[in-house]
Amino acid sequence: LKRSVALAQFAARWRRPRAPGPRPGAAAAARTTEAPDHSKLPIRKHRVRQPKLSSSNSPKKAETTMAQPPPPRPAGYFEKKGEVHELRQLLRGASAERDQQKKRDAIKKVIAYMTLGIDVSPLFSEMVMASATTDLVQKKMVYLYLVNYAESNSDLAILAINTLQKDCRDDDPMIRGLALRSLCSLSLANMVEYLQPAVQRALEDVNGYVRKTAVIGVVKIFYINPSVVTETELLPSLKRLVNDNDAHVVSNTISALEEVLAAEGGYMPSEEVITGLLNRIMHFSEWGQCAILRLLTKYSVANEGEMFDIMNILDDLLKQSSSAVVLSVTKIFVDLTSNRPDIQQDVLMRLKGPLLTLMAASSMELAYTVLVHIHALISRGPRQVEVFQADFKQFFCRYNEPSYIKQVKIDILTMLADFNSAEHIVLELSEYVTEVDVEIARRAIRAIGTIAVHVPSTSEMIVSSLSNLLELDIDYVCTEAAVVMKDLVRKYPEQFQQASGAVQKCLKIVSEPDGKSALLWILGEYGLLIEDAPYLLEPMIDGFMEEPSGAVQLEMLTATVKLFFCRPPEVQKMLGRLLQEAIQECTHPDVRDRALLYYRLLQVSPEEARRVICAPKEVVEEFQEEMDADLKDRVFEEFNSLSTVYKQPASKFIQVSGSPFVATKMPPPPLEGEPPAGFAKPPPVNGGAAYAVDHQVPNPSPAETDLLGESGGGAAGGDLLDDLFSGPPPAVSAAPATTPAADLANLTGF
């Protein structure tokens, strides 16, 4: 009973409404109560009164009645709008507090956001107001911001005009120049009226930095509105600055005038201007010296005395370490002496030393540039070759050099080889054949063959070296050696005996079309001297239809027909089978046409066919060069430019119409008259460029004997052919009465 009364009292107290806040004894009552849901509720500072649980209230329904926490709000830091707002507050707060360090940090943060690609253009007004400071660092950053966003905020950019114009009159020349550079960099058409007075005033500034900045500003105005420059005082003021005392101002002025006057062919200097620039050229930087030397190429020298004056002044520039300056001087020396070969030889000797020094530079790119210019000089003629022949070892390749440098050096070594140095050069080139770089190995083999053509005394030694290369089991080496051997036996037929032994082995290795064609040509021309020639040719004829190269198939046809005239009994069936496949099964039009030509020649008259196909050939004296003489002259006129590197005139890779920066040849002085007394010739110079002299070697009389050892062009194998072909040959006018296939079978014995 007591227990029931106590439970009733507890239930009565629970039904009464409770005031918020903990109630005395509530914790003890909760502990004594067996209500599990109350014990699992989270502890809160102010607990909300829980409804009484009855049998009709399920736990699921109770959970739905509980208040849910609100979703988390996204952080504003990741929003661009929030970033811009934060930066605006930073800028305004720093300006209000007049704390220069905070202001500088805020501007730095704006520039950092700008470099990250975040659009901070809404801060344009705040940044314009931030430019009103004496801190040079802040001004630089603010001007950088203004220039970057002026084009996209052209309406707001007008707000910065007053500040920039005010800074253009500042006492500090650094601030004046910085403001002028930023003002000209706005590049807005509606700003020209503000730019022209500021630039005109700055061109006459007392400080060289401001004048230099104003010169560049003239070019920027020219690209916005050309008439503002050409029709106002800006252009005359710019021309007067060519004689400025500051070297940086002069070099910038020359470049600016070249761009502004591009439509007129660039700035044409007078004698007074050239004299003043040359007398001060040692005070300029290397880029300023290059600008003056480029301008000098447009000047016409009056006489030899003036030419020697110019060369004596420029001689000191050859001691510089700048490759651009040395090559510019080289071009001028070469152009001035282009019509005086006697003087040019001394000039080349003077230019050789600086060029070889620059060639050994640590920078591979600079070394390559100098090498291609040396190659262009040497290719002009024998006089230029003689200058560098004594130093041929300077062009030997080093193991750690890149392939593009090795290629140029190999080409130079090929041109420098003569009777005295050919053996050393060939031995050096033979070492390059085993290079890891396949292209270097190929080029070395071709260079060896070129030396043999140009230096006859080395032919025997080189043919022997090539024969050894043919015995190597390397595909690309055998291919190049076979091609070179073919060219050599065309010029030196007597040297074939040394190479005949390696042809058989080489045929099994070579897989490239060029190598196969060369070996087939050798088999056709020297079938009488190669004992197994028909049997070497037979496997290739069996695989005629599987041969993918049309050039190889054409050469196979010609070689088989030539070999047929030399050794008819052994080649008759092979020729018939080859012609049948070429005419009836081959889809290559050139191969089929040549096969029909040979078939009809043999059908009409074997004697005529032999006279046409096995005609005597002249000994080859010179092979065609990669570049013709006219193209070489055009490229050499653009010496010291990319044309020399690309070996193409500038018109092939850039738009040269109206461009003043395309290299042109400096006109040499006229030949009339002698140099005035008191002008001495320049001392022998080390490395220069040159005068092209035609070098012609008298051609020996062509060989009168054909490849079969018979004199004249008549066919002496008539007996063999009569035995081979039954009956007299048909008349030329008689048309075949049957199909070509049937006639082919009758002709070849099938």
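The residue numbering used here restarts from 1 in each chain and proceeds along that chain's sequence as written. It should be noted that, the model being predicted, local features are given only for residues of pLDDT at least 70 and side-chain atom pairs only at 80 or more, the latter also being counted only at that level, while totals for whole chains, interfaces and linings use all residues. Side-chain metrics rest on all non-hydrogen atoms present in the structure, leaving aside hydrogens and water.

**Some words on the overall build of the protein**
Move 1: In this description a helix means any DSSP run of H or I spanning at least four residues, a strand means any run of E spanning at least two, and both kinds are numbered starting from the N terminus. Of the regular secondary structure elements, the protein holds 39 helices and zero strands.
Move 2: For the protein, buried positions account for 45% of its 750 residues.
Move 3: Throughout, a residue-residue contact means that at least one pair of heavy atoms, one from each residue, lies within 4.5 Å. By sequence separation, contacts in the protein at least 24 residues apart represent 71% of the contacts at least 6 residues apart.
Move 4: Summed over its atoms, the accessible surface of the protein is roughly 39700 Å², and 53% of this surface lies on carbon and sulfur atoms. Burial status follows relative accessibility: with a 1.4 Å probe on protein chains alone, a residue under 20% of its type maximum counts as buried, one over 50% as exposed, and anything between as partly exposed. Using the Shrake-Rupley algorithm and a 1.4 Å probe, accessible areas are obtained, with residue cover drawn only from the displayed protein chains.

**Overview of a nonpolar patch on the surface**
Move 1: Patch building starts from residues that exceed 30% relative accessible area and form no salt bridge, then joins like charges within 9 Å and nonpolar side chains (Val, Leu, Ile, Met, Phe, Trp, Tyr) within 5 Å. We define a salt bridge as a side-chain nitrogen of Lys or Arg found within 4 Å of a carboxyl oxygen belonging to Asp or Glu. On the surface, a cluster of nonpolar side chains totalling about 220 Å² of accessible area is made up of Leu156, Ile158 and Leu159.
Move 2: Here Ile158 is to be found in the loop between α9 (154–157) and α10 (159–167).

**Focus: the packing of aromatic side chains**
Move 1: Any two rings among Phe, Tyr and Trp, with Trp reduced to its six-membered ring, count as a pair given centres within 6.5 Å; such a pair is stacked if its planes are under 30 degrees apart, edge-to-face if over 60, and tilted if neither. Scanning the entire structure with this criterion turns up nine aromatic pairs.
Move 2: Three or more aromatic residues joined by ring pairs make a cluster, and in this case those are Phe124, Tyr145 and Tyr149.

**Considering the packing of helix α19 (residues 304–314) against helix α20 (residues 323–336)**
Move 1: Angles here are taken between N-to-C directions and fall from 0 to 180 degrees, while the axes themselves are lines fitted to C-alpha atoms, restricted in helices to the stretch in contact. Put simply, α19 and α20 touch, their axes get as near as 11 Å, and they point 160° apart. In terms of axis orientation, α19 runs roughly antiparallel to α20. The element α19 and its partner α20 pack so that their crossing is left-handed. Residues Met307, Ile310, Met311 and Leu314 of α19 form the contact with α20, whose own contacting residues are Val329, Ile332, Phe333 and Leu336. By the definition adopted for this analysis, an angle is roughly parallel if under 35 degrees, roughly antiparallel if over 145, roughly perpendicular if from 65 to 115, and oblique otherwise. Crossings are sorted by hand: turned counterclockwise from the far helix by less than a right angle, the near helix makes the crossing left-handed, and turned clockwise it makes it right-handed.

**Some points on the pattern of salt bridges**
Move 1: Under the counting rule described, the total for this entry stands at 27 salt bridges.
Move 2: Of the charged contacts, one joins Glu86 and Lys109 as a salt bridge, the two residues approaching to 3.2 Å between their closest N and O atoms. With a gap of 23 residues between them, Glu86 in helix α5 (residues 80–97) and Lys109 in helix α6 (residues 100–115) connect regions that are remote in the sequence.
Move 3: For Lys109, a relative accessible area of 28% corresponds to the partly exposed category.
Move 4: In this structure, the salt-bridge partner of Lys298 is Glu258, at a minimum N-O distance of 2.7 Å. Pair noted here: Lys298 is in the loop between α18 (286–296) and α19 and Glu258 is in helix α16 (residues 247–260), with a separation of 40 residues, a long-range link. The burial state of Lys298 is the same as that of Glu258; both residues are buried.
Move 5: Connected via shared salt-bridge partners are Glu439, Arg442, Arg446, Glu480 and Glu512.

**Some details on the side chain of Thr213**
Move 1: Along the chain, the position of Thr213 falls in helix α13 (residues 208–224).
Move 2: Given a relative accessible area of 9%, Thr213 falls into the buried group.
Move 3: What qualifies as a polar contact is a pair of N or O atoms within 3.5 Å, subject to a donor-acceptor requirement within protein and to the restriction that residues adjacent in sequence count only when both atoms come from side chains. Within the structure, Thr213 has its side chain in polar contact with the backbone oxygen of Tyr209 (distance 2.9 Å).

**Looking at helix α27 (residues 459–470)**
Note that an α-helix has 3.6 residues per turn; residues three or four places apart therefore point the same way.
Move 1: For α27, which comprises twelve residues, the first-to-last C-alpha distance of 16 Å matches the rise-based estimate of 16 Å (1.5 Å per residue) to within 8%.
Move 2: Of all the positions in α27, only Ser459, Ile462, Val463, Leu466, Ser467, Leu469 and Leu470 are classed as buried. Looking straight down α27, one finds that the buried residues subtend no more than 160° of arc, so they occupy a single side. Each helix should span, by expectation, one fewer than its residue count multiplied by 1.5 Å. Starting at the helix axis, one direction is taken to each C-beta atom, and the arc is that of these directions.

**Notes on the environment of Tyr299**
Move 1: Note that Tyr299 resides in the loop between α18 and α19.
Move 2: For the pair Tyr299 and Glu271, spaced 28 residues apart in the sequence, the C-alpha separation amounts to 7.9 Å.
Move 3: In contact with Tyr299, not counting residues within four places along its chain, are Pro269, Ser270, Glu271, Ile274, Glu306, Met666 and Pro667.
Move 4: A polar side-chain atom of Tyr299 sits 2.4 Å from a polar atom in the side chain of Glu306.

**Quick notes on the confidence of the model for the protein**
Move 1: Within the protein, residue pLDDT values average 78, and 77% of them lie at 70 or more.
Move 2: Mean pLDDT across the elements of the protein bottoms out in helix α38 (residues 718–724) (35) and peaks in helix α24 (residues 403–416) (94). Confidence scores labelled pLDDT are given residue by residue by the predictor and lie between 0 and 100.

**Description of the packing of α16 against α18**
Move 1: For the pair α16 and α18, interaxial distance at closest approach is 9 Å and the crossing angle is 45°. If you check the angle between α16 and α18, you find them oblique. As α16 runs across α18, the sense of the crossing is left-handed. Contacts between α16 and α18 involve Ser251, Ile254, Ser255 and Glu258 from the first element and Gly288, Ala291, Ile292, Arg294 and Leu295 from the second.
Move 2: Residue type decides the class: Asp, Glu, Lys and Arg count as charged, Ala, Val, Leu, Ile, Met, Phe, Trp, Tyr, Cys and Pro as nonpolar, and the leftover types, Gly among them, as polar. Grouping the amino acids of the contact of α16 with α18 by side-chain chemistry returns four nonpolar, three polar and two charged.

**Focus: unusual backbone geometry**
Excluding glycine, most residues fall at negative phi; most peptide bonds, likewise, are trans.
Move 1: The backbone of Asn640 sits at a positive phi, close to 65°, despite the residue not being glycine.
Move 2: Along the chain, the position of Asn640 falls in the loop between α36 (629–637) and α37 (642–646).
Move 3: Its identity is not glycine, yet Lys647 carries a phi of approximately 60°, on the positive side.

**Points about the environment of Glu258**
Move 1: Among the residues examined, Glu258 registers a relative accessible area of 2% and is labelled buried.
Move 2: C-alpha of Glu258 to C-alpha of Met268: the two residues are ten residues apart in sequence and 9.0 Å apart in space.
Move 3: A polar contact of 3.4 Å, which involves the side chain of Glu258, links it to the backbone nitrogen of Tyr267.

**A word on helix α22 (residues 364–378)**
Move 1: An ideal rise of 1.5 Å per residue puts 21 Å on 15 residues; α22 measures up with 21 Å between its terminal C-alpha atoms.
Move 2: Listed in full, the buried residues belonging to α22 are Ala367, Val370, Leu371, Val372, His373, Ile374, His375, Ala376, Leu377 and Ile378.
Move 3: Where α22 is buried, its residues meet α20, α21 (341–359), α23 (382–389), α24, α36 and α37.

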